[in-house]
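Coordinate analysis (summary)
One letter stands for each residue in the lines below.
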Amino acid sequence: MMKKRIAILGSTGSIGTQALEVIEANPEVFSVEVLTAQQNADLLIVQAQKFAPKEVVIGNEALFEKVKTALSNLPIKVYCGADALVNVVEAENVDIVLTAMVGYAGLLPTIHAIRAGKHIALANKETLVVAGELIMGLAKEHQIDILPVDSEHSAIFQCLTGEYENPIEKIILTASGGPFRGKDRAFLATVTKEQALKHPNWSMGAKITIDSATLMNKGLEVIEAKWLFGLTSNQIEVIVHPQSIIHSLVQFEDGSMKAQMGLPDMKLPIQYALHYPQRLKSTFPRFNFIDYPSLSFEKPDQETFRNLAIAYHVLEKGGNTACIINAANEIAVDAFLHDRIGFLEISDVITDTLAKVSYIAKPSYSDYVETNDEARRLASEMIHLKV
Ligand code: NAD
Ligand code: MG
């Protein structure tokens, strides 16, 4: 059997390291061809020594000499900078690109990978939020698969297996509710980044953990689902399910619902995407009903957690509006992580940025680039005025 040859963008992060665990457990099935990281040169070096990719990229150019020297006795090409990312994804020896980097930076490498005919295992949801129409159009044109890694979207993707002729009536995305479920705005006004970084069920990178606390993560996932599964906003529901056992559901036109469930463990959706359509045997811990005698469900509180309502609003408006809120959110979350704004101000920055950036109904790639730049600049200025 031919091995699946994988490039991992963001190999030192939460998704990247778990993907390498999956690959390590299945050495006869996968080979690692490319590894990339932004800052963590030490871990990138250790990973490269262990998995022997053909190419590595360190984003931060100041760390290039360090990585190059450490790997000089191995047949590994070392590159640096954002430009190198878009070249390595096009390599002949790559079948699947796992986009496990965080934020808008995922967009351009993903476009290049699709144009080069690579299948995409998509963790970087921001790419679809920013430019879903463009990405899905390119995927169709180049006949490549976009395989969701996000657990909710993987759940839906798994439920759709064998149902390709059957239209979806609606989908239900489950949300854990994050660390502040049930809290009011007075409480949220005082929360610290340390509290926000403590997610009840998942251990993830800092940005997505804050997004989970504000419910922006679910908002981004609603938009991601629209593009992945070709749905309208009234076909996408969100339900809070604090135990994170049911990962999401699909309802068909006969009323039947299918759910995918299991313990919260990203290795399963990562492995499913990398080895699609076959399932691989795994030793992941198994779910047991007796350990979870009650699974509960609640309506999300969109008045307290405004980001989810903002995401539904931009889903209706379309154009470049999702790109605007994504950029403003990246700036606002970073400011919150640096104690420059409070938790509730994250939504204020997003709303105010959305009101200021000009609307473009049918954006081109360069419109997305300009929208992202302008939204970041305006959001940064607002934050500067607040402190
Ligand atoms: P993380 O912060 O743990 O890791 C991010 C990785 O991206 C690191 O390897 C880092 O070096 C790299 N990176 C950071 N900035 C970069 C840049 N500008 N250019 C290139 N590389 C850069 O993040 P994570 O939690 O692994 O999340 C990665 C992506 O997967 C995000 O889009 C997130 O929304 C999505 N996702 C994560 C999870 C999860 O459980 N962690 C679940 C679903 C979806
Ligand atoms: Mg998710």
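Rules used in this analysis
Within each chain, residues carry numbers counting from 1 in the order of the written sequence. Numbering of ligands from 1 and lettering of chains from A proceed in the order in which they are written. Reporting of local features is limited, given that this is a predicted model, to residues whose pLDDT is at least 70; pairs of side-chain atoms are given and counted only at 80 or more, and all residues count toward the totals for whole chains, interfaces and linings. Based on all heavy atoms of the structure, the side-chain values leave hydrogens and waters out of the count. Patch membership needs two things, relative accessible area over 30% and no salt bridge, and members are linked within 9 Å if like-charged or within 5 Å if nonpolar (Val, Leu, Ile, Met, Phe, Trp, Tyr). Each accessible area value is a Shrake-Rupley result obtained with a 1.4 Å probe; residue values ignore everything except the protein chains displayed when judging cover. What makes a salt bridge here is a side-chain nitrogen of Lys or Arg within 4 Å of a carboxyl oxygen of Asp or Glu, nothing more. Think of it this way: any DSSP run of H or I at least four residues long counts as a helix, any run of E at least two long counts as a strand, and we number them from the N terminus. Accessibility here uses a 1.4 Å probe with only protein chains present; expressed as a share of the type maximum, an area under 20% marks a residue as buried, one over 50% as exposed, and anything in between as partly exposed. Each metal's donors are the N, O and S atoms within 2.8 Å of it, or within 3.2 Å when it is Na, K or Ca, and because water is not part of the set, sites may look incomplete. Pairing between strands is defined by DSSP: at least two bridges between them are needed. Angles here are taken between N-to-C directions and fall from 0 to 180 degrees, while the axes themselves are lines fitted to C-alpha atoms, restricted in helices to the stretch in contact. By definition in these notes, contact holds between two residues if any of their heavy atoms fall within 4.5 Å. Domain segmentation is taken from an automatic or database assignment of domains. Each residue receives one of three labels: charged for Asp, Glu, Lys and Arg, nonpolar for Ala, Val, Leu, Ile, Met, Phe, Trp, Tyr, Cys and Pro, and polar for the others, Gly being one of them. Nearness is judged by heavy atoms alone; a residue qualifies as near a molecule or strand once a single heavy atom is within 4 Å of it. Whenever a nitrogen or oxygen atom comes within 3.5 Å of another N or O atom, the pair is scored as a polar contact, on the condition that within protein one atom can donate a hydrogen and the other can accept it, and that pairs from neighbouring residues in sequence are kept only if both atoms are in side chains. We call a crossover right-handed when, viewed with both strands directed away from the observer, the connection leading from the first strand over the helix to the second proceeds clockwise. Here, nonpolar core means buried Ala, Val, Leu, Ile, Met, Phe, Trp, Tyr and Cys residues that are tied together by side-chain atoms lying within 4.5 Å of each other. For classification, angles of less than 35 degrees are called roughly parallel, those exceeding 145 degrees roughly antiparallel, those between 65 and 115 degrees roughly perpendicular, and all remaining angles oblique. Each direction from the helix axis to a C-beta atom contributes to the arc, which is the arc of those directions.

Right, let's get into a nonpolar patch on the surface. The grouping of Met-261, Phe-289 and Ile-290 at the surface amounts to a nonpolar patch, some 340 Å² of accessible area in total. Of note, Phe-289 is situated in the loop between helix 12 (267-275) and helix 13 (306-317). A residue is classified by how much of its surface remains accessible, and Phe-289, at 53% relative accessible area, is exposed.

Only Asp-150 (OD), Glu-152 (OE) and Glu-221 (OE) from the protein coordinate the magnesium ion (ligand 2), and they sit 2.1 to 2.2 Å from it. Each donor residue of the magnesium ion (ligand 2) lies on one chain, and together they are spaced D-x1-E-x68-E. Assessed through its relative accessible area of 8%, Asp-150 is described here as buried.

Our focus in this paragraph is the sheet that holds strand 10 (residues 246-252). As summarised here, the arrangement of the four strands in space is 9-8-10-11, forming an open sheet in which the pairing is mixed. This sheet does not close on itself; its edge strands, each paired only once, are strand 9 (236-240) and strand 11 (257-261). Pairwise comparison of adjacent strand axes, ignoring direction, gives a mean angle of 20° for this sheet. Two elements, strand 10 and strand 11, share five bridges in a ladder whose sense is antiparallel. Residue pairing across strands places Gln-251 opposite Met-257, the latter belonging to strand 11. Against the sheet, helix 11 (residues 216-229) contacts strand 8 (168-175) and strand 9, and its axis sits at roughly 150° relative to strand 8.

A few words now on the sheet that holds strand 4 (residues 77-80). The parallel open sheet is built from seven strands, whose spatial order is 4-3-2-1-5-6-7. This sheet does not close on itself; its edge strands, each paired only once, are strand 4 and strand 7 (146-148). Going from strand to strand, the sheet's axes swing by 20° on average, the running direction of each strand aside. Pairing between strand 2 (residues 30-37) and strand 3 (residues 55-58): four bridges, direction parallel.

Moving on, we get to the domain arrangement of the protein. Domain parsing of the protein yields domain 1 (4-148) and domain 2 (154-386). Computed over C-alpha atoms, the centres of domain 1 and domain 2 are 23 Å apart. Listed by partner, the interface residues are 35 residues for domain 1 and 37 residues for domain 2. In this assembly, domain 1 and domain 2 are joined by three salt bridges. In this structure, Glu-126 engages Lys-207 in a salt bridge whose closest nitrogen and oxygen atoms are separated by 2.9 Å. If one sorts the elements of the side of domain 1 that touches domain 2 by residue count, helix 6 (residues 125-141) sits on top with 10 residues. Looking at the side of domain 1 that touches domain 2 residue by residue, the class counts come to 24 nonpolar, five polar and six charged.

Before going further, it helps to examine the site of ligand 1. Surveying the vicinity of ligand 1 reveals 22 residues, the closest of which are Thr-12, Ser-14, Gln-38, Glu-126 and Gly-205. A distance of 2.9 Å separates an oxygen atom of ligand 1 from a polar atom in the backbone of Ile-15. For ligand 1, the protein covers 85% of the area, taking 830 Å² as the surface of the free molecule. Within the residue set of the shell around ligand 1, elements represented by two or more residues are helix 1 (14-25) and helix 6.

Moving on to unusual backbone geometry. Looking along the chain, the bond that leaves Tyr-276 and enters Pro-277 is cis, with omega of 5°. Note that Pro-277 resides in the loop between helix 12 and helix 13. The phi dihedral of Gln-143 falls on the positive side, at around 50°, and the residue is not glycine. Counting through the fold element by element, Gln-143 comes out in the loop between helix 6 and strand 7. For Leu-215, which is not a glycine, the phi torsion comes out positive at approximately 70°. Among the secondary structure elements, Leu-215 is positioned in the loop between helix 10 (206-214) and helix 11. Residue classification places Leu-215 among the buried residues on the basis of a relative accessible area of 7%.

Bridge count for strand 3 against strand 4 is four bridges, and the pairing is parallel. When the bridges of strand 4 are listed, Val-57 appears paired with Tyr-79. Handedness of the strand 3-helix 3 (residues 64-70)-strand 4 crossover: right-handed.

Within the largest apolar cluster, 128 residues are counted, with the highest numbers of intra-cluster contacts made by Ile-23, Ile-146, Val-149, Ile-171, Phe-229 and Ile-236. A per-element tally of this core places helix 14 (residues 321-337) first, with 12 residues. When we break this core down by domain, the ones giving at least three residues each are domain 1 (4-148) and domain 2 (154-386). In contact with Val-149, other than residues within four places in its own chain, are Ile-15, Leu-98, Ala-121, Leu-122, Ala-123, Ser-154, Met-266, Pro-269, Ile-270 and Ala-273.

In the contact formed by helix 10 and helix 14, the axes pass within 10 Å of each other and the chain directions differ by 100°. The angle between helix 10 and helix 14 falls in the class roughly perpendicular. Contacts between helix 10 and helix 14 pair Ala-206, Lys-207, Ile-210 and Asp-211 from the former with Asn-326, Asn-329, Glu-330, Val-333, Phe-336 and Leu-337 from the latter. In terms of residue class, the contact of helix 10 with helix 14 is built from five nonpolar, two polar and three charged.

In this section: helix 2 (residues 41-51). Listing the buried residues of helix 2 in full gives Ala-41, Leu-44, Ile-45, Gln-47, Ala-48 and Phe-51. Each buried residue of helix 2 sits inside an arc of 165° when the element is viewed along its axis, so together they form one side. Turning to helix 2, the residues buried within the fold contact helix 1, strand 2, strand 3 and helix 3. Within two residues after helix 2, Ala-52 carries a phi angle of roughly 45°, on the positive side.

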